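Overview (structure and organization)
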Amino acid sequence: MKKIIILTSALFLGVALMAYLYFSKLGTDNDAKDLALQSATNNAALVFSFQNDKGFYDIMEGQQLIQKVLGKDKMNLLKRLKAEIIDDNGLNKYLKDQQVYISVLPDSNKTLNFLITLQVQPDNDIKKFYTELKAKKAVSESSKELYTIKLKDSLLVYLGVHGQVLTVSTSLKLINDANVRLSENPFTDYIKENNRQIKNVLVHVYINFNQAPLLLKNIIAGNINGEIAIFNKQNSFAVLNYNFSKEKILFSGNTELKDQQNYLKLFENTAPQSTSIQNILPDNTANYTLYAYDEYKTWLKKLNNWQKQKKLSKKSSKVIKKVKDEYRTDLNAIFPVYTKNQFILFQLSTTEKLGAISLSDGEKVKQLLLDVSADYNEDIRLFKSSDILYSYFGEPFKKFGRPYYTIIDNNLIMANNASTVQSFLNDYKNNRLLIQTPQYLDAVNQISTTSNVSYYINAKNSADIFRNTIQLGFYKHLRADSGLKSFDTFYYQMSADRNKFMTNLLLNKYLKPEIPDSLSNR
């Protein structure tokens, strides 16, 4: 009996010791991976992630559209680094199959730069890697844990070595910043969580909207206001996976809102909707933001709760009461009754901004709003009281304090200038619509037909807006043949999936159908 007890105890202790050693090693490996990830995510708004293997590079060689997005200079840099390090069997054997992170970070002089982060394989001796590194003619040791790589065109690249973690950039500032690892970083935790859930994907892109202002300050010429002001307080993350294609750039994944007071939270846990309000937009629309929900009264309750959280309820109640007292018009008998399931904010190529709300009975609403508005002409009226639309639809309509409006085909369209509303009417009545353009149709056919929140940019119609709002260097890249000029559409589409949004990010390039020679010669 004693022998059985002793053998059982020994077996138990052996298993416990093996488990301890295994999980200790696993924890050490994960710690090393976490260090690389912490360096990559420090201050980053965008992080691209892929595995360092030959198959990845072979596929990406043929991705001409990706190369246009990165630009000639950045693409050449990546190609040269690959030739100098990855194609070198002596160095790459230490890095093979490791995860590579490319962070897009703000640098000095209003520029953006890359920080490349990866780690030496845990089972490899880092000292041997150092020896291999120092033996290369193009590599020289500048100081402890810092090397310089001189590429063939005399471009100097810095290589930081911090334990098992390597950081590479043309910016010494980014190398130094990467060595300051945050003990707590929600973005790092978000990536780690999603890395466990997503496998066998060519490229991931992680977006940290908290850091978006740092990027935008280096891109835009003025302050972060207007439509992009939302990025100042956007506590959210996204993980998107690259869908291989030679015709378009499409990432799919999800967006997660962390801030409970985020306006977009009003569209969570709502079935994605088929939308049609975008079909009324003029063909010179530069951009739009589209919102959709299942039923307005249900959504209004969410809005009222959001207003309470933001301490805006009293302001809205005061607006509604004032209209009732002064004009004997009960707004609660209008918008909650006749509003449908979608509204949209859009900007024209002329920089003019408009909004539209879908109605179930436009003629009835037109009659009910008579007392609270004044005639401008037979088609256009002006609200007498301020913040009516803001009270019933929230943040997107904040800029439309006392707008001019028209109601046509069960849509209420508003703008801050009567001439803008008139311009819209002229285009609409003459069928000069965005939905008629082949570039737009081609783009929307690439993504889901249902959504809750969508952001759209028409590159051509936005050219003058970009010229006046972004830094010259970025504008040149936007309009260059070797850059983003060939892309005509940007689309960021969000569809509610419980407490997340299934997300599509599309950069589309419309290709005209080829006419067969037999037809073209007729």
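Before reading on, note that the structure itself is shown above.
Below is a short write-up of the structure. (Residues numbered from 1 in each chain as written. Predicted model: local features only at pLDDT ≥ 70, side-chain atom pairs only at ≥ 80, totals over all residues. Heavy atoms only, no water.)

**Regarding the overall build of the protein chain**
Quick reminder of the rule: Labels follow the DSSP assignment, with helices taken as runs of H or I lasting at least four residues and strands as runs of E lasting at least two, numbered in each case from the N terminus. The classification of residues rests on relative accessible area computed with a 1.4 Å probe and restricted to protein chains. Under 20% of the type maximum is buried, over 50% is exposed, and intermediate values are partly exposed. Exposure was quantified through the Shrake-Rupley algorithm and a 1.4 Å probe, taking into account, for residues, occlusion by the shown protein chains and nothing else.
Regarding its fold elements, the protein chain presents 19 helices and 22 strands. Relative to its full complement of 522 residues, the protein chain shows a buried share of 48%. With the model as given, the accessible surface of the protein chain reaches about 26,600 Å², and the carbon-plus-sulfur share is 52%.

**Some words on the packing of aromatic side chains**
Applicable threshold: Only Phe, Tyr and Trp rings take part, Trp by its six-membered ring, and two of them pair if their centres are within 6.5 Å. Stacked means planes under 30 degrees apart, edge-to-face means over 60, and tilted covers everything else. Only when the NZ of Lys or the CZ of Arg is both within 6 Å of the ring centre and within 35 degrees of the ring normal is a charge said to sit over the ring.
A complete count under the given rule lists 36 aromatic pairs for this structure. Both rings, one in Phe343 and one in Phe393, keep their centres 5.4 Å apart while their planes meet at 65°; by these two values the pair is edge-to-face. You can see Phe343 sitting in strand S13 (residues 339-348) and its partner Phe393 sitting in helix H14 (residues 388-393), a full 50 residues away along the chain. The residues Phe343 and Phe393 share a single accessibility class, namely buried. Centre to centre, the rings of Phe393 and Phe397 are 5.5 Å apart; their planes meet at 50°, and the pair counts as tilted. Assigned by exposure class, Phe393 and Phe397 land together as buried. Its guanidinium or amino end placed over the ring of Phe114, Lys74 lies 5.8 Å from that ring's centre, counting from NZ or CZ.

**Quick notes on unusual backbone geometry**
A positive phi angle, near 65°, is found at Asp97, a position not held by glycine. Mapped onto the elements, Asp97 comes out in the loop between helix H5 (89-92) and strand S2 (99-107). For Asp97, a relative accessible area of 35% corresponds to the partly exposed category. Phi is positive for Lys311, close to 60°, though the residue is something other than glycine.

**What to know about the nonpolar core**
How we decide: Side-chain atoms within 4.5 Å link the members of a nonpolar core, which is a set of buried Ala, Val, Leu, Ile, Met, Phe, Trp, Tyr and Cys residues.
In terms of nonpolar packing, the biggest core is built from 99 residues, with Tyr263, Phe267, Trp299, Phe343 and Phe393 touching the most fellow members. Formed by 27 residues, the second largest nonpolar core is a distinct cluster that contains Ile277, Leu354, Tyr440 and Ala443.

**Here's the deal with the environment of Leu250**
Note the cut-off: The contact criterion used throughout is that any non-hydrogen atoms of two residues lie within 4.5 Å.
As for its placement among the helices and strands, Leu250 is situated in strand S10 (residues 248-257). Expressed as a C-alpha distance, the spacing of Leu250 and Gln446, which sit 196 residues apart in the sequence, is 8.7 Å. Other than its neighbours up to four places away in sequence, Leu250 contacts Asn241, Tyr242, Asn243, Gln446, Asn504, Leu505 and Leu506.

**A word on the environment of Asn52**
Within the secondary structure, Asn52 sits in the loop between strand S1 (46-51) and helix H2 (54-61). Using a relative accessible area of 1% as the deciding quantity, one classes Asn52 as buried. Residues Asn52 and Lys96, 44 residues apart in the sequence, show an inter-C-alpha distance of 5.7 Å. Other than its neighbours up to four places away in sequence, Asn52 contacts Tyr57, Ile86, Asn92, Leu95, Lys96, Asp97, Gln98 and Val100.

**Comments concerning helix H9 (residues 212-219)**
By the burial criterion, the buried members of H9 are Ala212, Pro213, Leu215, Leu216 and Asn218. Of the surrounding elements, those touching the buried residues of H9 are S1, S2, strand S3 (111-119), strand S8 (204-208) and helix H18 (472-479).

**Quick look at helix H15 (residues 418-429)**
Definition in use: Here, expected helix span is obtained from the residue count minus one, scaled by 1.5 Å.
Its 12 residues place the ends of H15 16 Å apart at the C-alpha level, agreeing with the 16 Å of an ideal helix rising 1.5 Å per residue. Listed in full, the buried residues belonging to H15 are Ala418, Thr420, Val421, Phe424, Leu425, Asp427 and Tyr428. In the segment just after H15, Asn431 is the residue with positive phi, at about 60°.

**Some points on the pairing of strand S5 (residues 146-150)**
This is how it is decided: Any two strands between which DSSP finds at least two bridges are classified as paired.
Summarising burial for S5: four of the five residues are buried, a large majority. Both strand S4 (residues 139-143) and S5 contribute to a ladder of four bridges, which runs antiparallel. Across the sheet, the residue bridging to Ser140 is Thr148, located in S5. Hairpin connection between S4 and S5: a loop of two residues separates the two successive antiparallel strands, and Glu145 in this loop has a positive phi of roughly 70°. As defined by bridge partners, S5 adjoins strand S6 (residues 156-162) across five bridges and the pair is classed as antiparallel. Bridging across to S6, Ile149 finds its partner in Val157. A loop of five residues connects S5 with S6, the two strands running antiparallel in sequence, and Ser154 in this loop sits at a positive phi of about 70°.

**Section: the environment of Glu395**
Assignment of secondary structure puts Glu395 in the loop between H14 and strand S17 (404-408). For the pair Glu395 and Tyr263, spaced 132 residues apart in the sequence, the C-alpha separation amounts to 7.2 Å. Not counting residues up to four positions away in its chain, the partners in contact with Glu395 are Tyr263, Trp306 and Tyr390.

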